[in-house]
Amino acid sequence: MTQTRVDVVFPCLNEAGALPWVLSRLPRGYRAIVVDNGSTDGSADVALEYGAVVVHEARRGFGAAAHAGLLHSTAPITAFCDADASMDPHDLPRLVGPIEAGTDDLMLGRRRPTTRGSWPVHAQIANTYLSWRLRRITGVTIHDLGPMRAARREALLSLDLQDRRSGYPLEMFLRAADARWRIREIDTPYAPRVGRSKVTGTVRGTITAIADMSRLLRETAS
Ligand SMILES: Nc1nc2c(ncn2[C@@H]2O[C@H](COP(=O)(O)OP(=O)(O)O)[C@@H](O)[C@H]2O)c(=O)[nH]1
Ligand SMILES: [Mg+2]
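Residues numbered from 1 in each chain as written. Chains lettered and ligands numbered in written order. Predicted model: local features only at pLDDT ≥ 70, side-chain atom pairs only at ≥ 80, totals over all residues. Heavy atoms only, no water.

This next bit is on the layout of surface pockets. The volume enclosed by the largest pocket comes to roughly 1,400 Å³. Considering the residues around the largest pocket, the lining is formed by 50 residues, among which S166, V199, T200, G205 and A209 are closest to the centre. Of all the secondary structure elements, the ones that give two or more residues to the lining of the largest pocket are strand 1 (6-12), helix 3 (62-72), helix 5 (121-138) and helix 8 (203-221). When residues of the lining of the largest pocket are assigned to their parent elements, the largest contribution, nine residues, is made by helix 8. (1 Å grid on protein atoms, 1.4 Å probe; cavity = no way out; pocket = protein on both sides within 12 Å on 5 of 7 lines; lining within 4 Å. Points joined across faces, edges and corners; volume = space filled by probe spheres on them. Helix = DSSP H or I, 4+ residues; strand = E, 2+ residues; numbered from the N terminus.)

Next comes the structure, spelled out in structure tokens:
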């Protein structure tokens, strides 16, 4: 049996249509941990069928799911990826390589839309503005705060992340920058998702994301 070098956490809320493609594209030595947040479309069964470990998280929220996945991971490196087929797990080794080599501590995938429909314009503008603020606050050169990431599991746990909603990716970045981690982003293709968006494609999701991130930024600035 191949040893698991990397656990890949997939927060999942009703992604049954996307999971077969996503899970069949995991590189060898990578194990999928699908964190199901009460899906009603059979996502958990599909995930099991495609060989993933399934974790059930009762508490709703992207951060609750992502963190539950981190707590369940056991491999030296934990990666994160959306379960909506917008990002390709084949790209993960380019993020994981520098972590395994010890040349970087947190690798981020900068989303590069493959077609015009990949990314709602309001989300792109919000991300560009957020990244500009983060460059000013932290001095780290980033242009996107995307969901595809990789870092060492124990290092991630030591950040003691508290957010359990949409601020989780931002809090991870801020705590890591604060701890003087070597943070680097590389380009990753971003395709139109399969199925319906839960966050930036909905008014409610967008408002929650802005509220969560603004609070974290206020706390950091003060
Ligand atoms: N477990 C869990 N996953 C979520 C939740 N909200 C979104 N997701 C998942 O997080 C990922 C990103 O959400 P998505 O709807 O694609 O957001 P978008 O990319 O901003 O449109 C997807 O894999 C979703 O299934 C949630 O509340 N709980
Ligand atoms: Mg998405």
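Along the polypeptide, A18 turns up in the loop between strand 1 and helix 1 (19-23). As a C-alpha pair, A18 and D82 span 64 residues in sequence and 10.0 Å in three-dimensional space. Residue contacts for A18: discarding those within four places in its chain leaves A83, D84, A85 and V194. (Contact = heavy atoms within 4.5 Å.)

On to unusual backbone geometry, then. Here A85, not a glycine, exhibits a phi torsion of approximately 70 degrees, which is positive. With respect to the element layout, A85 can be found in the loop between strand 4 (77-80) and helix 4 (92-101). We classify A85 as buried; its relative accessible area is 10%. Positive phi, normally seen in glycine, also occurs at R180, with a value near 60 degrees. Inspection of the secondary structure assignment puts R180 in the loop between helix 7 (168-178) and strand 7 (183-190). Taking relative accessible area as the criterion, R180 reaches 74% and is therefore assigned exposed. (Buried < 20%, exposed > 50% of the residue type's maximum accessible area, 1.4 Å probe, protein only.)

Once that is clear, we can look at the pattern of salt bridges. According to the stated counting rule, one finds 15 salt bridges in the structure shown. Two residues, R94 and D91, come together in a salt bridge whose shortest N-O distance is 3.4 Å. Given a relative accessible area of 11%, D91 falls into the buried group. With its nearest N and O atoms 3.1 Å apart, the salt bridge here joins R184 to D104. Here D104 lies in the loop between helix 4 and strand 5 (106-113) and R184 lies in strand 7, a separation of 80 residues in the sequence. (Salt bridge = Lys/Arg side-chain N within 4 Å of Asp/Glu carboxyl O.)

Our next topic: the packing of aromatic side chains. One pass over the full model with this rule turns up three aromatic pairs. Summarising the aromatic geometry, the rings of W119 and Y190 are spaced 5.4 Å apart at their centres and angled 70 degrees between planes, so their arrangement reads as edge-to-face. Here W119 is found in the loop between strand 5 and helix 5, whereas its partner Y190 is found in strand 7, with 71 residues between them in sequence. Accessibility assignment for this pair places W119 and Y190 in one class, buried. (Phe/Tyr/Trp six-rings, centres within 6.5 Å; stacked < 30°, edge-to-face > 60°.)

Purely geometric stuff here, so don't read any function into it on its own.
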